[in-house]
Amino acid sequence: MIICFSKLFRNYLLHEIKKNNIIKAFDAAHPDNPTFCYWRQYMNLVSILLRFTCAIREGKWNLYLSSFSEMLPYFAAFDHSNYTRWGIIFLADMKMLPQTAPEVQQAFERGDFVTKETASTFNQIPDDQALEHINKSGKVAGGLVGITRTDSARDRWCLTYNERAKLSEDTKEMFNVLERECTSAKDLGKARMRQDAEDVAKLEAQFTKYEVFRCTSDLVVVTTGDVASNAIKQDLLGVEDTGKKVMKEFVETRLIKKETKFHDTLKQQKVKTFETLYTVPVS
């Protein structure tokens, strides 16, 4: 049995290696087609997002950190200052966990950085979202905005919150409306897979209609067929390198050399996109 499993695993690895080599060879054959490179970059962004989602849903800590680190250059390039500033600090702190807090590191590797509310698969969520589920059971109609303006009403809400939330959960359990059985998430269902396949077919039809990947040295807008300017093409295709440059400068000047204060305003990159193509300057 073990030998059979090892052969299957080896064949799987060989298949994955072969597939990756084919993709790399395919990419290497189209380095002079900006539109192709642009959409391959988009595919990479989607794959990062899918890996990040998978890491949360399945509680995989190392995958969570690696996919988050891949997002950081794009945060920096597209001027998301808060994500850039604190994302770098967060990633550095998490990388130091084995030395600073090994117990926390072990707990995170077990999947304790997310919350699992039911026995279903692929359904774990971040702790802040799980807390919102609890808050929903205790909130009154209209939410907390209205009663926070009155001290006595807010105090009554806080004192009875836990009891009302527990009463709500007990009532659901009594009528057997809590999800206890082990089921798959909707993302893994046939309906979701069918919808994904239809979306891929629509996108492929759109590409074919506008001949997006025709041999050209221009970057073409998929919906209109317009040609992007050289400045837009350079910014979009080099956005990852731009983000990495911003991150490197941030770490060197604010964390290592401390030539710039940590909270000082980050310089806006103002990366040009397809939207810039249709922008009309108004004096």
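Parameters and conventions
- Residues numbered from 1 in each chain as written.
- Predicted model: local features only at pLDDT ≥ 70, side-chain atom pairs only at ≥ 80, totals over all residues.
- Heavy atoms only, no water.
- Helix = DSSP H or I, 4+ residues; strand = E, 2+ residues; numbered from the N terminus.
- Buried < 20%, exposed > 50% of the residue type's maximum accessible area, 1.4 Å probe, protein only.
- Contact = heavy atoms within 4.5 Å.
- Areas by Shrake-Rupley, 256 points an atom, 1.4 Å probe, with all protein chains shown as cover.
- Salt bridge = Lys/Arg side-chain N within 4 Å of Asp/Glu carboxyl O.
- Axes fitted to C-alpha atoms, helices over the stretch in contact; angles between N-to-C directions.
- Parallel < 35°, antiparallel > 145°, perpendicular 65-115°, else oblique.
- Nonpolar A, V, L, I, M, F, W, Y, C, P; charged D, E, K, R; others polar.
- Phe/Tyr/Trp six-rings, centres within 6.5 Å; stacked < 30°, edge-to-face > 60°.
- Patch = residues over 30% accessible without salt bridge, like charges linked within 9 Å, V, L, I, M, F, W, Y side chains within 5 Å.
- Left-handed = near helix turned anticlockwise from the far one by under 90°.
- Core = buried A, V, L, I, M, F, W, Y, C linked by side-chain atoms within 4.5 Å.
- Lys, Arg positive; Asp, Glu negative; His and termini not counted.
- Polar contact = N/O pair within 3.5 Å; in protein donor to acceptor, adjacent residues only side chain to side chain.
- Expected span 1.5 Å × (residues − 1).

Q: Just checking my understanding: could you explain the overall build of the chain for this structure?
A: Within the chain one finds twelve helices and two strands. Start at the N end of the chain and walk to the C end: the helices and strands fall as α-α-α-α-α-α-β-β-α-α-α-α-α-α. Each of the 283 residues in the chain was classed as buried or not, and the buried ones make up 27%. When contacts within the chain are restricted to residue pairs at least 6 apart in sequence, long-range pairs at least 24 apart make up 60% of them. Of the roughly 20,100 Å² that the chain leaves accessible, carbon and sulfur atoms contribute 59%.

Q: Sorry if this is basic, but what is going on with the pattern of salt bridges here?
A: Side chains that carry opposite charge are capable of pairing whenever their charged atoms lie near each other. Tallied over the entire structure, the rule returns five salt bridges. A salt bridge links Glu 58 to Lys 60; the shortest N-O distance between them is 2.9 Å. With a relative accessible area of 35%, Glu 58 lands in the partly exposed category. What makes Lys 60 partly exposed here is its relative accessible area of 40%. Two residues, Lys 244 and Glu 240, come together in a salt bridge whose shortest N-O distance is 3.4 Å. With Lys 244 and Glu 240 both in helix H11 (residues 239-256), this residue pair falls four residues apart, about one helical turn. The exposure class of Glu 240 is partly exposed, given its relative accessible area of 31%.

Q: Explain the packing of helix H3 (residues 61-77) against H11 here, please?
A: Any two packed helices are characterised by the angle at which their axes cross and by the distance between the axes. Orientation of H3 relative to H11, taken along the N-to-C sense of each, is 90°, at an axis distance of 7 Å. Here H3 is positioned roughly perpendicular relative to H11, judged by the angle of their axes. Counting all contacts with H3, which are made through Leu 72, Pro 73, Tyr 74, Ala 76 and Ala 77, the residues of H11 involved are Val 239, Glu 240, Thr 242, Gly 243, Lys 244, Val 246 and Met 247. Among the residues making up the contact of H3 with H11, the classes are represented as eight nonpolar, two polar and two charged.

Q: In this structure, what is going on with the packing of aromatic side chains? I would like to understand it.
A: Aromatic ring pairs are defined here through the distance separating the ring centres and the angle between the ring planes. Using the criterion set out here, one finds 15 aromatic pairs in the structure. Geometrically, the ring pair formed by Trp 39 and Tyr 42 is edge-to-face, given 5.3 Å between the ring centres and 75° between the ring planes. Linking Trp 39 with Tyr 42, this pair stays in helix H2 (residues 34-58), spanning three residues, or about one helical turn. Every member of this aromatic cluster is reached through a ring pair, and the members are Tyr 38, Trp 39, Tyr 42, Phe 207 and Phe 274.

Q: Is there a simple way to think about a nonpolar patch on the surface in this case?
A: Residues Tyr 42, Met 43, Val 46 and Leu 50 make up a contiguous nonpolar surface patch of roughly 380 Å² in combined accessible area. Judged by relative accessible area, Tyr 42 falls into the partly exposed class, the value being 41%.

Q: Sorry, what's going on with the packing of H3 against helix H4 (residues 81-95) here?
A: Axis separation between H3 and H4 bottoms out at 10 Å; the angle between their running directions is 150°. When the axis of H3 is compared with that of H4, the two are roughly antiparallel. Note on packing geometry: the crossing formed by H3 with H4 is left-handed. Contacts from Trp 61, Tyr 64, Leu 65, Phe 68, Ser 69, Leu 72, Phe 75 and Ala 76 in H3 reach Tyr 83, Thr 84, Gly 87, Ile 88, Phe 90, Leu 91 and Met 94 in H4. Classifying every residue of the contact of H3 with H4 gives twelve nonpolar, three polar and no charged.

Q: Help me understand the nonpolar core, please; the structure alone is not making it clear to me.
A: In a soluble, globular protein the nonpolar side chains are often hidden away together inside. Grouped together as the largest cluster of nonpolar side chains are 28 residues, with contacts concentrated most on Phe 52, Trp 61, Tyr 64, Leu 65, Phe 68 and Leu 72. Secondary-structure elements contributing two or more residues to this core are H2, H3, H4 and H11. Once you skip the residues sitting within four places of it in the chain, Phe 68 turns out to touch Phe 52, Phe 75, Gly 87, Phe 90 and Leu 91.

Q: Quick question: what am I supposed to make of the side chain of Arg 85 here?
A: Checked against the element boundaries, Arg 85 lands in helix H4. We note that Arg 85 is buried and unpaired, the nearest opposite charge coming from Asp 264 at a distance of 7.2 Å. Among the polar contacts listed, one links the side chain of Arg 85 to the backbone oxygen of Asp 264, at a separation of 3.2 Å.

Q: What is the right way to look at helix H9 (residues 190-210) in this model?
A: If you check H9, its first and last C-alpha atoms are 31 Å apart, about what 21 residues at 1.5 Å a residue would give, namely 30 Å. Phi turns positive, to about 50°, at Glu 211, one or two residues after H9.

Q: It is not clear to me how the side chain of Arg 254 should be interpreted in this structure. Could you clarify?
A: The residue Arg 254 is located in helix H11 in this model. Buried and unpaired, Arg 254 has Asp 264 as its nearest opposite-charge partner, separated by 5.4 Å. Not counting the four nearest positions on each side in its chain, Arg 254 is found in contact with Arg 85, Glu 249, Thr 260, Lys 261, Phe 262, His 263, Asp 264, Thr 265 and Leu 266.

Keep in mind these values describe shape, not function.
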